Structure formats: C-alpha cells, structure tokens
Amino acid sequence: MRNNLKNGDRVVTEGGIYGTVAGINEKENTLHLLVAPSVKIEFSRNAIIGLRDQPNK
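All residue numbers refer to position in the chain's written sequence, counted from 1. Owing to the predicted nature of the model, reporting of local features is limited to residues with pLDDT of at least 70; listing and counting of side-chain atom pairs is limited to 80 or more, with chain, interface and lining totals taken over all residues. Excluding hydrogens and water, the side-chain values take into account all heavy atoms of the structure.

1. Some details on the pattern of salt bridges
Here, a salt bridge means any side-chain nitrogen of Lys or Arg that lies within 4 Å of a carboxyl oxygen of Asp or Glu. Tallying each qualifying case throughout the model produces 2 salt bridges. For Asp9, the salt bridge identified is with Lys6, shortest N-O distance 3.2 Å. We note a salt bridge from Glu26 to Arg45, for which the minimum N-O separation is 3.3 Å. One end of the pair, Glu26, is in the loop between strand 2 (18-25) and strand 3 (30-36); the other, Arg45, is in the loop between strand 4 (39-44) and strand 5 (48-51), with 19 residues separating them in the sequence. Each residue is placed in one exposure class: buried if its accessible area under a 1.4 Å probe, protein chains only, is under 20% of its type's maximum, exposed if it is over 50%, and partly exposed if it falls in between. By relative accessible area, Arg45 is classed as buried at 3%. Only runs of H or I of at least four residues qualify as helices and only runs of E of at least two qualify as strands under DSSP, and these elements are numbered from the N terminus.

2. Focus on the nonpolar core
Note on terminology: a nonpolar core comprises buried Ala, Val, Leu, Ile, Met, Phe, Trp, Tyr and Cys residues joined through side-chain atoms within 4.5 Å. Of all hydrophobic cores here, the largest spans 8 residues; its members are Leu5, Val11, Val21, Leu31, Leu33, Phe43, Ala47 and Ile48. Pairs of residues are marked as contacts when any of their non-hydrogen atoms sit within 4.5 Å. In this structure, Phe43 is in contact with Thr13, Ile17, Thr30, Leu31 and Leu33, ignoring residues within four places of it in sequence.

3. Quick word on the pairing of strand 4
With 6 bridges connecting them, strand 3 and strand 4 associate as antiparallel partners. Looking across to strand 4, one finds that Leu33 is bridged to Ile41. A strand pair is defined by DSSP finding two or more bridges across the two strands. Turn length for the strand 3-strand 4 hairpin, with the two strands adjacent in sequence and antiparallel, is 2 residues, and the turn residue Ser38 shows positive phi of about 65°.

4. Brief notes about the sheet that holds strand 5
For sheets, the rule is that strands pair by backbone hydrogen bonds, running either parallel or antiparallel. The strand order 4-3-2-1-5 describes an open sheet built from 5 strands, whose pairing is antiparallel. The outermost strands of the open sheet, each flanked by one partner alone, are strand 4 and strand 5. Going from strand to strand, the sheet's axes swing by 45° on average, the running direction of each strand aside. As defined by bridge partners, strand 1 (residues 10-13) adjoins strand 2 across 3 bridges and the pair is classed as antiparallel. When the bridges of strand 2 are listed, Val12 appears paired with Tyr18. Structural elements are reduced to axes, namely lines fitted to C-alpha atoms, with helices fitted over the stretch in contact, and the angle between N-to-C directions of any two is expressed from 0 to 180 degrees.

Structure below.
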C-alpha cells in the first residue's frame, strides 16, 4: 500500500494524523501531507498505516 501512494490519496499516520498526500520524495522515502489549509508536514513513508475513504469524484 505504501509503495502505491500518490498525490491526492487521503491517509492516516501511525500517530493518528489524517492528511492528503501533497508530494512524494522517492529518493528520501518521505512524503508531504497536507493536514490543514496551507500546512504540509513531511513524514517517513513508513509512518503511513492506512488509506482513508476516498471522496466520490
């Protein structure tokens, strides 16, 4: 699941933070999550424990 993450995926971290993938750094094995308007936090890819329900498009 972690290897298939892409921008726009809604996820939850091991620490219980919910966010939307807003960038992926393959070289560093990290990603940026948008957790609030204009607030991005960098996480290890391993910190992601699951996908949230995706909104209907």
